[in-house]
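Listed below are the residues making up each chain.
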Amino acid sequence: MNLKERIIALLSTLLEEDKYFIVEVQVSPSKVRQKVTILMDSDAGISIDECAEISRKLDDMIEAEELIPHAYTLEISSPGVDYPLAFPRQFQKNIGRTLKVILKDGIEKRGELIAVSDEGFTVKEELKKKKKDQVPAELTFAYGDIARAEVQIKF
């Protein structure tokens with residue numbers, strides 16, 4: 001088991017009955033000061049205080065297990081709105097928001113996220129030019145068909 005897998009295993013013990021979930025774990029290789037970056041989320045979002053609490057507990061576990069023998073930096077945060085959606089739980093909490101969906105074949109679509117399932121999601125397509133009698137299409141995508149899905153912020 002490599003370092004990343006060992007950290008995920010330790011972190012998994014702290015995830016309060018599936019309240020939180022791991023979005024990404026990165027371990028940067030460095031002989032001077034390794035950096036462990038963890039992105040976490042929950043269905044209701046995750047606060048700075050929750051990240052700090054998990055960070056303190058995980059840091060204690062890493063030290064106790066002596067996983068990283070030299071100095072390291074541990075960062076735990078939420079993915080942020082500019083980070084692409086990766087899990088059905090992330091899509092679910094963004095229902096009603098506008099997504100930019102890039103398919104694996106390069107085609108790009110935009111629309112309001114209106115439904116989510118374990119297999120994929122549905123958006124109401126954003127019309128480029130609104131014409132009379134034009135009805136937005138509902139487009140359904142399988143998670144495996146998308147290269148990237150991002151929440152679009154409107155001001």
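Placed above this text is the structure.
Please read these numbers as outputs of a predicted model, since none were measured by experiment.

Description of the sheet that holds strand 4 (residues 98-103)
Alright, step 1. On the basis of which strands lie adjacent, the open sheet formed by five strands has the order 7-6-5-4-8 and antiparallel pairing. Two strands bound the open sheet, and with one partner strand each, they are strand 7 (138-142) and strand 8 (146-152). On average, adjacent strands in this sheet sit at an angle of 40° to one another, irrespective of strand direction.
Alright, step 2. Note that strand 4 and strand 5 (residues 108-116) share five bridges and pair antiparallel. Within strand 5, the position partnered with Thr98 by the bridge is Glu112.

Some words on the environment of Met61
Alright, step 1. As for its position among the elements, Met61 is in helix 2 (residues 48-65).
Alright, step 2. Classification of Met61 by relative accessible area gives partly exposed; the value is 23%.
Alright, step 3. Separated by 53 residues in sequence, Met61 and Ile8 place their C-alpha atoms 12 Å apart.
Alright, step 4. The contacts of Met61, once residues within four sequence positions are left out, are Leu10, Thr13 and Leu14.

Quick word on the pattern of salt bridges
Two side chains with opposite charge may pair up if their charged atoms get near one another.
Alright, step 1. What the rule picks out here adds up to nine salt bridges.
Alright, step 2. One salt bridge connects Glu50 with Lys19, and the closest N-O pair in it is separated by 3.4 Å. Of this pair, Glu50 sits in helix 2 while Lys19 sits in the loop between helix 1 (3-12) and strand 1 (20-28); the two residues are 31 residues apart in sequence, bridging distant segments of the chain.
Alright, step 3. The class of Glu50 is buried, set by a relative accessible area of 19%.
Alright, step 4. A salt bridge links Asp43 to Arg89; its shortest N-O distance comes to 2.9 Å. Of this pair, Asp43 sits in the loop between strand 2 (34-42) and helix 2 while Arg89 sits in helix 3 (residues 88-92), and the two are 46 residues apart along the sequence.
Alright, step 5. For Arg89, a relative accessible area of 21% corresponds to the partly exposed category.
Alright, step 6. Through salt bridges with shared partners, one network takes in Lys100, Arg148 and Glu150.

Quick word on the pairing of strand 7
Alright, step 1. Residue alternation in strand 7 divides its side chains into a buried set, Leu139 and Phe141, and an unburied set, Glu138, Thr140 and Ala142.
Alright, step 2. As paired strands, strand 6 (residues 120-125) and strand 7 are joined by five bridges and run antiparallel to one another. Along strand 7, the bridge assignment pairs Phe121 with Phe141.

A word on unusual backbone geometry
Alright, step 1. Positive phi values are uncommon outside glycine, yet Glu66 reaches one of about 55°.
Alright, step 2. Relative to the helices and strands, Glu66 resides in the loop between helix 2 and strand 3 (72-77).
Alright, step 3. By relative accessible area, Glu66 is classed as exposed at 66%.

What to know about the pairing of strand 4
Alright, step 1. A large share of strand 4 lies buried, amounting to five of its six residues.
Alright, step 2. Connecting strand 4 to the antiparallel partner strand 5 that follows it, the hairpin turn spans four residues, and Gly106 within it adopts a positive phi of roughly 95°.
Alright, step 3. Note that strand 4 and strand 8 share six bridges and pair antiparallel. Paired with Val101 across the two strands is Ala149, which belongs to strand 8.

Rules used in this analysis
Residues numbered from 1 in each chain as written. Predicted model: local features only at pLDDT ≥ 70, side-chain atom pairs only at ≥ 80, totals over all residues. Heavy atoms only, no water. Pairing = 2+ DSSP bridges. Helix = DSSP H or I, 4+ residues; strand = E, 2+ residues; numbered from the N terminus. Axes fitted to C-alpha atoms, helices over the stretch in contact; angles between N-to-C directions. Buried < 20%, exposed > 50% of the residue type's maximum accessible area, 1.4 Å probe, protein only. Contact = heavy atoms within 4.5 Å. Salt bridge = Lys/Arg side-chain N within 4 Å of Asp/Glu carboxyl O.

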